[in-house]
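Here's the letter readout for the chains.
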Amino acid sequence: MNITFRQLRYFLALAEQRHFTRAAEMIHVTQPALSMQIRALEEQVGGKLVERTPTGIVLTPRGRTLADHARQVVAAMAGLEQGLNSPGQGGKLRLGMIPTVAPYLLPEALPVLRASDVGRDMYLREAMTDRLLTELESGQLDAAVVATPPEGDNLVAVPLFIDRFLLAGSSTRIAGFAARAESLKPQSLDPSQLLLLDEGHCLGDQALEVCGLSRHGGRLNLGAASLSTLCRLAAQGMGLTFLPEIARLQELAAAPGLVTIRFPDPQPERQVLLLRRGSTPADGWFDELAETLRRAGDDLLAAEWHAEG
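Overview of the structure. (Residues numbered from 1 in each chain as written. Predicted model: local features only at pLDDT ≥ 70, side-chain atom pairs only at ≥ 80, totals over all residues. Heavy atoms only, no water.)

Details of the environment of glutamine 271
Consideration 1: Within the secondary structure, glutamine 271 is located in strand S9 (residues 269–277).
Consideration 2: When its relative accessible area of 36% is taken as the criterion, glutamine 271 is described as partly exposed.
Consideration 3: Between the C-alpha atoms of glutamine 271 and alanine 147, which are 124 residues apart in sequence, the distance is 5.6 Å.
Consideration 4: Non-local contacts of glutamine 271, meaning those with residues more than four positions away in its chain, are made with Val146, Ala147, Pro159, Phe161 and Ile162. (Helix = DSSP H or I, 4+ residues; strand = E, 2+ residues; numbered from the N terminus. Buried < 20%, exposed > 50% of the residue type's maximum accessible area, 1.4 Å probe, protein only. Contact = heavy atoms within 4.5 Å.)

What follows is the structure, encoded as structure tokens:
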């Protein structure tokens, strides 16, 4: 059996229109050309697919079966064609983002992305850095937003914005630092009072780095996988935590009693990056994505400064 995709497409047009003339007009061919392809298709399947009536055609049982399968084939082919297109040109954008950025950046960026060509068809994946890098390198993702520079030269990294770390805790705890805010340093904090994200979260590792600490210290080991969980615990006076600037407004609203204080310059910070594979042609979509995310980050930080000032 040697059925062509053209034959299936012509047959589906006929099955939908139930009339040779209208079906030919629908697919922009002549009626003789359509009739010839239908006859060739009937020869391939070994029987009649349609029956002619005074008002048009009806499908035979064999024709109904073929129509059901043909629709699946045509849909699969359309999906294949879309998948071969670049994001912004009909293809799906598969974007990954770390959990300490996604809840804060996406609400700002997503409406703009969905209104643009690059984000009209998009799959979003939230995961820790190592998982995102693995999926990006294996082709499961097109791009990823992380806060840790990648190793090696197989990934292209574009800076989006600088996200500073604030110290967060209950009003009582933070009030104790207010009198010496100018001399407050991450390294001077009591390690036993720090609440950090579980191992594997880059934010937890970055907080340890700015404090000059290791994972094996005298801190309360919560194994927390959510920054929101840490903020709620800190608001209840259970300890102190590092809060990214982009998360401040959202977490203050969600955790009553949470208060933040800035470190003096040079403030501890992380750089949020957009990654893609070096072997992937950008074709304009990557620059458009980077610019949209960069503006969203800048808007978040501007709103933060306005609220704080």
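From this point on, the discussion continues.
Digging into the packing of aromatic side chains
Think of a pair of aromatic rings as described by two things: how far the centres are apart, and how the planes are tilted against each other in angle.
Consideration 1: Considering all chains together, one arrives at three aromatic pairs under this definition.
Consideration 2: A centroid spacing of 6.4 Å and a plane angle of 70 degrees characterise the contact between phenylalanine 165 and phenylalanine 242, whose relative ring orientation is edge-to-face. Highlighted residues: phenylalanine 165 in strand S6 (residues 155–170) and phenylalanine 242 in strand S7 (residues 241–244), separated in sequence by 77 residues.
Consideration 3: Its relative accessible area of 0% is what places phenylalanine 165 among the buried residues.
Consideration 4: Since its relative accessible area comes to 2%, phenylalanine 242 is described here as buried. (Phe/Tyr/Trp six-rings, centres within 6.5 Å; stacked < 30°, edge-to-face > 60°.)

Details of the pairing of strand S5 (residues 143–146)
Consideration 1: Every second residue of S5 is oriented toward a common face, with Ala143 and Val145 on one face and Ala144 and Val146 on the other, all of them buried.
Consideration 2: Where strand S3 (residues 93–97) meets S5, three bridges bridge the pair, whose relative direction is parallel. Within S5, the residue paired with leucine 95 across the bridge is alanine 143.
Consideration 3: With three bridges connecting them, S5 and S9 associate as antiparallel partners. In the sheet register, valine 145 faces S9, and the bridge partner there is leucine 274. (Pairing = 2+ DSSP bridges.)

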